[in-house]
Structures are given as structure tokens and as C-alpha cells.
Amino acid sequence: MPNYKIAVVGAGPAGYFTAQAFQKAQNEELTFSIDMIERLPTPWGLVRSGVAPDHPKIKTVSKVFEKIAKEDGFRLFANVELGKDVLLKDLREAYDAVVLATGSTTGRKLGIKGEDLSNCLSAADFVPWYNAHPDFTDVKVDLDTDTAVVIGAGNVAMDVARMLAIDPAELDPTDTAEYALAVFKSSKIRKVIICGRRGPEHAAFTAPELRDLPKLEHTDVYIDQAQITEANLRVEQMGEVEKDLKNNLEAMRLIAEHRKKGVERKLEIKFLAAPIEIKGSNKVEEV
Ligand SMILES: Cc1cc2nc3c(=O)[nH]c(=O)nc-3n(C[C@H](O)[C@H](O)[C@H](O)COP(=O)(O)OP(=O)(O)OC[C@H]3O[C@@H](n4cnc5c(N)ncnc54)[C@H](O)[C@@H]3O)c2cc1C
């Protein structure tokens, strides 16, 4: 009975679901031995170091990864980096197939003036910093200011904005890095503005994440109702509206209409607002 040796490089979701696909393809005449190679001491990729710590439910997918890892013929080699500890040519020689599932770790530049000022951070640095990723513990995060601007209108922007806008005591029971928790607790930020360059109908947020926003206990969330009304009109003119888009716009309408608590911490989502320059002498002072 043929047994194929497979190397999967990267222990993130793509690596695990690749391993699972091989496991599911096994039958009485065909089996796979899977070696997963991961550069960090711990597996799960961005499920560990990307997902926001105040949304632990999303991390339950790790239970699926644990099940995959318990299957016969699966081995994890952590602390082994492709390109440093082992070379692709060696893996090619030793295995029947090599799958590269190493993810994407670099943020995209905006290409505007001032984005290299200190305290202008990419989510690709800020998120792993608060999630205790060993490569990012030294990122310099200065929250000694009253307002933060988050550029982008997707769930990563929303995670980042929520982390900055909520009462840090809400992070106590989570697995936020201790050093980051200390910085959040001394943060002076009381207003966080998310800027989406296009209209609400083009935002990449998803409805469940939007629906969570009015539930924040210590933060009021603002969206300009007129922007949602105008987006609905634009969308209706385009014909049939997709369910996901309808749900998103409805969730945003509810945020806009939601009665505010009158608390000090504010999170505002602004649309049709593309940054053109980031200003400041040493660090960010204005966007
Ligand atoms: C801030 C943020 C929040 C997110 N939140 C959510 C969410 O709430 N829900 C959701 O569904 N998705 C979320 N995502 C998206 C999701 O995390 C990614 O789509 C998913 O993790 C991609 O999986 P991957 O396996 O391709 O990459 P990764 O998760 O990045 O895994 C790649 C793995 O490869 C390893 N690796 C890299 N280079 C090497 C090498 N040379 N040798 C060995 N190993 C290596 C890395 O250490 C890592 O463990 C979020 C993403 C980000 C950035």
C-alpha cells in the first residue's frame, strides 16, 4: 500500500487544512505521513497571533487543528524555519510533496507622505505585538495621545480600533500580552476613528463583527446615518442587493441609530475619507 510522505511548511490554518485534506483523501490503498514544519515554538499561525484577544470564540477553530494533529501519521516540528534550519531542496529530496503554507506577514504601504513617522504603525506590527508574537515584543507603541486613526475598513481595522477604544479592564481575562495590557491601561486614547476610503457599501467589515459594536459596555460607536442612507440608495439603484451587503448595511444602520451611553470612550467609523498625508514633527500629530 503506498504511503506518501508530505511536508507542510507553516502551522497556520492553511497548513492544518492542507493536512486535513490529505487525511481525508486516505483510503485502504493510500495513506499519507504528514510532517508539519513551523518556525515558531507554537502552532496555529495568525489564529494565535492575529485574532483579537477580546474575541476568543474565533480561536475555537484551534480545536479542529488539535484533532488533525492527533491523527495517525501527523507530526509537528516546531522551532524549525524553512530557509534557515532546513532548505527547500532538502525537503524536496526527503518528501514526495512539499506544501508551502507560510502565510503573509508584511503590511501594505499607503504611499502617502508621513507614513514613516514614528507611531504610524501597520496592523501587521501592532496586532502581533498585543498578541505576544515573539518577533514583535519590541514594537514601540505610544498611546500617549487622545485620538487614534485607523486606516482601512475591514475586520482587522475593526479589531485594532476596538482594542484601542475599549476599557482595557475588559482585556484582563483575555490572553493579551502582559506588556501590551500595561500600555493599554496607561493609554490616553479616548477617540478612535476608522477611515474607509469608499462608501459603506464597499466596506469589508462582516455583519457579526459590526453587530458586536453596539454591545461594547464602555464605548459609544458612531456612524453618520446619512452615509448609510446614501449608500442604501446607491445600492438599490444597482438592482438586486446581495444578502451579505444587505446585512452589513443593516448592521451599520443599527449602529448609527443606537442610543449612545454618553461615555468618554468613542469609536467612529467614517466613510469616503481617504488619508492624503500624515503630519507631525517627530511622531504623528495629524492625519
Ligand atoms: C489582525 C488579523 C485578524 C484576523 N482575524 C480573523 C478573524 O477574526 N477570523 C478569521 O477567519 N480570520 C481572521 N484573520 C485572517 C486569518 O488569520 C488568516 O486568513 C489566516 O491565518 C491565514 O492562514 P495561513 O495559514 O495562510 O497563514 P498564517 O496564519 O500566517 O500561518 C502561517 C504560518 O507559517 C509560519 N511560517 C512562516 N514562515 C515560515 C518558515 N520560513 N518556516 C516555517 N514556518 C513558517 C508562520 O510562523 C505561521 O505560523 C485575521 C488576520 C489578521 C492579520
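Owing to the predicted nature of the structure, the values given are computational and were not obtained by experimental measurement. (Residues numbered from 1 in each chain as written. Predicted model: local features only at pLDDT ≥ 70, side-chain atom pairs only at ≥ 80, totals over all residues. Heavy atoms only, no water.)

Before going further, it helps to examine the site of the ligand. The local shell around the ligand holds 24 residues, among which Ala 14, Glu 38, Arg 39, Leu 46 and Leu 82 are the closest. Here the ligand, which alone exposes 1000 Å², has 71% of that area covered by the protein. Split by residue class, the shell around the ligand holds 14 nonpolar, 6 polar and 4 charged. Counting only domains with at least three residues in the shell around the ligand, you end up with domain 1 (3-100) and domain 2 (123-270). (Near = heavy atom within 4 Å. Areas by Shrake-Rupley, 256 points an atom, 1.4 Å probe, with all protein chains shown as cover. Nonpolar A, V, L, I, M, F, W, Y, C, P; charged D, E, K, R; others polar. Domains from an automatic or database assignment.)

It is worth spelling out the domain arrangement of the protein chain at this point. Interface size is often expressed as the accessible area that is lost when the parts come together. Splitting the protein chain by domain gives domain 1 (3-100) and domain 2 (123-270). One C-alpha centre belongs to domain 1, the other to domain 2; they are set 32 Å apart. Contact residues are listed per partner, giving 12 residues for domain 1 and 17 residues for domain 2. Both sides together, the interface formed by domain 1 and domain 2 hides about 1100 Å², and carbon and sulfur atoms give 52% of it. At the boundary of domain 1 and domain 2, one finds 3 salt bridges. Here Arg 162 ties to Asp 54 by a salt bridge, and the two come within 2.8 Å at their closest N and O atoms. For the pair domain 1 and domain 2, the number of links is 6 residue pairs in polar contact (both at pLDDT 80 or more). Here the side of domain 1 that touches domain 2 is composed, by residue class, of 5 nonpolar, 3 polar and 4 charged. (Contact = heavy atoms within 4.5 Å. Buried area = accessible area lost by both parts, 1.4 Å probe. Salt bridge = Lys/Arg side-chain N within 4 Å of Asp/Glu carboxyl O. Polar contact = N/O pair within 3.5 Å; in protein donor to acceptor, adjacent residues only side chain to side chain.)

This part takes up the pairing of strand S6 (residues 191-195). Taking burial as the measure, the 5 residues of S6 include 4 buried ones, the bulk of the element. Two strands pair when backbone bridges link them, and strand S5 (residues 147-151) and S6 are joined in this way by 5 bridges, in the parallel orientation. Within S6, the position partnered with Thr 147 by the bridge is Lys 191. Relative to strand S8 (residues 265-270), S6 is paired through 5 bridges, and the arrangement is parallel. Residue pairing across strands places Lys 191 opposite Lys 266, the latter belonging to S8. (Buried < 20%, exposed > 50% of the residue type's maximum accessible area, 1.4 Å probe, protein only. Helix = DSSP H or I, 4+ residues; strand = E, 2+ residues; numbered from the N terminus. Pairing = 2+ DSSP bridges.)

Here we come to the packing of aromatic side chains. Throughout the structure, instances matching the rule amount to 11 aromatic pairs. Geometrically, the ring pair formed by Tyr 16 and Phe 65 is stacked, given 4.7 Å between the ring centres and 15° between the ring planes. Separated by 49 residues along the polypeptide, Tyr 16 in helix H1 (residues 13-24) and Phe 65 in helix H3 (residues 61-70) bring together distant segments of the chain. We classify Tyr 16 as buried; its relative accessible area is 2%. Taking the relative accessible area as the measure of exposure, Phe 65 reaches 1% and is therefore buried. Measuring from ring centre to ring centre gives 5.9 Å for Trp 129 and Tyr 179, while their planes differ by 55°; the resulting arrangement is tilted. In this pair, Trp 129 is assigned in helix H5 (residues 123-130) and Tyr 179 in helix H7 (residues 178-185), connecting sequence segments 50 residues apart. On the basis of relative accessible area, Tyr 179 is assigned to the partly exposed category, the value being 30%. Joined through ring pairs, the aromatic side chains of Phe 126, Trp 129, Tyr 130, Tyr 179 and Phe 184 make up one cluster. In this structure, Arg 48 packs its charged tip against the face of Trp 44, placed 4.4 Å from the ring centre. Against the face of Tyr 222 rests Lys 260, its NZ or CZ located 5.2 Å from the ring centre. (Phe/Tyr/Trp six-rings, centres within 6.5 Å; stacked < 30°, edge-to-face > 60°. Lys NZ or Arg CZ within 6 Å of the ring centre and 35° of its normal.)

Time to look at the packing of helix H9 (residues 225-237) against helix H10 (residues 243-257). Packed helices, taken two at a time, are described by the angle their axes make and the gap between the axes. Between H9 and H10, the shortest axis-to-axis distance is 9 Å and the interhelical angle comes to 160°. As judged from the angle between their axes, H9 and H10 are roughly antiparallel. Crossing hand, H9 versus H10: left-handed. Here Gln 225, Ile 228, Ala 231, Asn 232 and Val 235 of H9 lie close against H10, whose contacting residues are Leu 245, Leu 249, Met 252, Arg 253, Ala 256 and Glu 257. (Axes fitted to C-alpha atoms, helices over the stretch in contact; angles between N-to-C directions. Parallel < 35°, antiparallel > 145°, perpendicular 65-115°, else oblique. Left-handed = near helix turned anticlockwise from the far one by under 90°.)

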